[in-house]
Amino acid sequence: MTAATLSSKAIKRIVKELQHLQTSPPEDIQIIVDDENLTEVQAWIRGPDGTPYEGGYFKVNLLMDEGFPDTPPKGYFLTKIFHPNVSEKGEICVNTLKKDWKSELGIEHVLLTIKCLLIVPNPESALNEEAGKLLLEHYEDYAKRAKLYTSIQATSGKSEYMSLTQAQSSSVLKPLSNTSPVSPIISSKKRPQEQQENIKQEQAQSKKPKIKKNDKKKALRRF
């Protein structure tokens, strides 16, 4: 599928959303933009602290078809993960991408929903039945298994995630290269009276006769 299958309205919306996500990404999320294919959006999600996915970096893929935004994108994990709501093929099962989808919801909302799944999985709509059963009956075993997957499958993405984070920071916080201290000319325009008084004082000081060292000694002897 190529961007040509999308409507002009959908293309404008996706471009706008991606620009926003690049400049103001949600916490723990970095977008990967491919200008040549707007129907496919990839992003990195950092595993939330305090979860079995902490320390991992997960790449996800969102696919928009010709019905977007009236129809939801399809979500996939490209990084292997042990999670009740993610199949072995990476398919994501979440209501936001199905019955609860609304056309006003956007890419950022979907990415945040996927991040929330890493914090609070939903075993009732499990695509991975083993993970869902362990979550309900033996949480410690589930967490141990999820941590093992994370340590093996989800650590290599850290470098790309950090590169995207640094690039985003440098683009937002650009240094002001043409800044310089306020010039005396500008200051004198802002405060002419003060400047004139300073000039008069300097001129008065320059007109005072200079006292030589010997003259100072003679003056002191008089007292």
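The rules behind each value
Residues numbered from 1 in each chain as written. Predicted model: local features only at pLDDT ≥ 70, side-chain atom pairs only at ≥ 80, totals over all residues. Heavy atoms only, no water. UniProt positions renumbered as here; feature names shortened; annotations may be inferred. Contact = heavy atoms within 4.5 Å. Phe/Tyr/Trp six-rings, centres within 6.5 Å; stacked < 30°, edge-to-face > 60°. Helix = DSSP H or I, 4+ residues; strand = E, 2+ residues; numbered from the N terminus. Pairing = 2+ DSSP bridges. Axes fitted to C-alpha atoms, helices over the stretch in contact; angles between N-to-C directions. Buried < 20%, exposed > 50% of the residue type's maximum accessible area, 1.4 Å probe, protein only. Polar contact = N/O pair within 3.5 Å; in protein donor to acceptor, adjacent residues only side chain to side chain. Expected span 1.5 Å × (residues − 1). Arc of directions from axis to C-beta. Salt bridge = Lys/Arg side-chain N within 4 Å of Asp/Glu carboxyl O. pLDDT = per-residue confidence, 0-100.

**Brief notes about the UniProt feature "active site" (unreviewed entry) in the protein**
Here's step 1: In the numbering used here, UniProt assigns the feature "active site" (unreviewed entry) to Cys93.
Here's step 2: Ignoring anything within four residues of it in the chain, the contact list for Cys93 reads Asn85, Lys98, Leu117, Ser125 and Leu127.

**Some thoughts on the packing of aromatic side chains**
Here's step 1: Scanning the model with the defined rule gives seven aromatic pairs in all.
Here's step 2: Ring geometry for Tyr139 and Tyr142: centres 5.6 Å apart, planes at 50 degrees, overall tilted. You can see Tyr139 and its partner Tyr142 sitting in helix H4 (residues 139-153), three residues apart, about one turn around the helix.
Here's step 3: Grouping aromatic residues by their ring pairs yields a cluster made of Phe82, Tyr139, Tyr142 and Tyr149.

**As for the sheet that holds strand S4 (residues 74-77)**
Sheets are built from strands that pair by backbone hydrogen bonding, the pairs being arranged parallel or antiparallel.
Here's step 1: Strand order in this open sheet of four strands is S1-S2-S3-S4, and the pairing throughout is antiparallel. Looking at strand neighbours, the two that pair on one side only are strand S1 (29-32) and S4, the edges of this open sheet. For this sheet, the mean angle separating the axes of adjacent strands, direction not counted, is 25 degrees.
Here's step 2: Of the pairings in the sheet, the one linking strand S3 (residues 57-63) to S4 comprises four bridges and is antiparallel in character. Bridged to Asn61 within S4 is Tyr76.

**A short note on the side chain of Asn37**
Here's step 1: With respect to the helices and strands, Asn37 occurs in the loop between S1 and strand S2 (40-46).
Here's step 2: Under the relative-accessibility criterion, Asn37 is labelled buried at 16%.
Here's step 3: Only 3.5 Å separates the side chain of Asn37 from the side chain of Glu40, close enough to count as a polar contact.

**Notes on helix H1 (residues 8-23)**
Here's step 1: Here H1 is 16 residues long and its end C-alpha atoms lie 23 Å apart, about the 22 Å a rise of 1.5 Å per residue gives.
Here's step 2: Within the span of H1, buried status applies to Ala10, Ile14, Glu17, Leu18 and Leu21. Looking straight down H1, one finds that the buried residues subtend no more than 100 degrees of arc, so they occupy a single side. Pointing more than 90 degrees away from the buried face of H1 are the exposed residues Ser8, Lys9, Lys12 and Lys16.
Here's step 3: Structurally, H1 contributes buried residues whose contacts are with S1, S2 and helix H2 (107-119).

**Quick notes on the pattern of salt bridges**
Here's step 1: Across all of its chains, the model carries five salt bridges by this definition.
Here's step 2: Across the pair Arg46 and Asp28 runs a salt bridge, and its minimum N-O distance is 2.9 Å. With Arg46 in strand S2 and Asp28 in the loop between H1 and S1, the pair connects residues that are 18 residues apart, well separated along the chain. For the pair shown, Arg46 and Asp28 are each scored as buried.
Here's step 3: Here Glu130 and Arg145 are joined by a salt bridge, their closest N and O atoms 2.8 Å apart. Here Glu130 is found in helix H3 (residues 129-137), whereas its partner Arg145 is found in helix H4, with 15 residues between them in sequence.
Here's step 4: Residue Glu130 is classed as partly exposed on the basis of its relative accessible area of 42%.
Here's step 5: Relative accessible area serves as the criterion here: at 28%, Arg145 is assigned to the partly exposed category.
Here's step 6: Residues joined in a network through salt bridges with shared partners are Asp28, Arg46, Asp49 and Lys115.

**A short note on the confidence of the model for the protein**
Here's step 1: Per-residue confidence for the protein gives a mean pLDDT of 81, with 74% of residues at or over 70.
Here's step 2: Element-level mean pLDDT values for the protein span from 35 in helix H6 (residues 184-190) up to 98 in H4.
Here's step 3: Segment residues 206-213: pLDDT under 50, and one contact once partners within four positions in sequence are set aside and those in other chains are kept.
Here's step 4: When the criterion is pLDDT under 50, residues 215-223 qualifies, and its contacts beyond four places in sequence or with other chains add up to one contact.

**Side note on the environment of Thr150**
Here's step 1: Relative to the elements of secondary structure, Thr150 occurs in helix H4.
Here's step 2: When the C-alpha positions of Thr150 and Pro52 are compared, they lie 7.7 Å apart, and in sequence the two are 98 residues distant.

**A word on the pairing of S3**
Here's step 1: The buried fraction of S3 amounts to six of the seven residues, a majority that puts the element mostly inside the structure.
Here's step 2: Strand direction decides the pairing type here: S2 and S3, joined by seven bridges, are antiparallel. Of the residues in S3, the one forming a bridge with Trp44 is Lys59.

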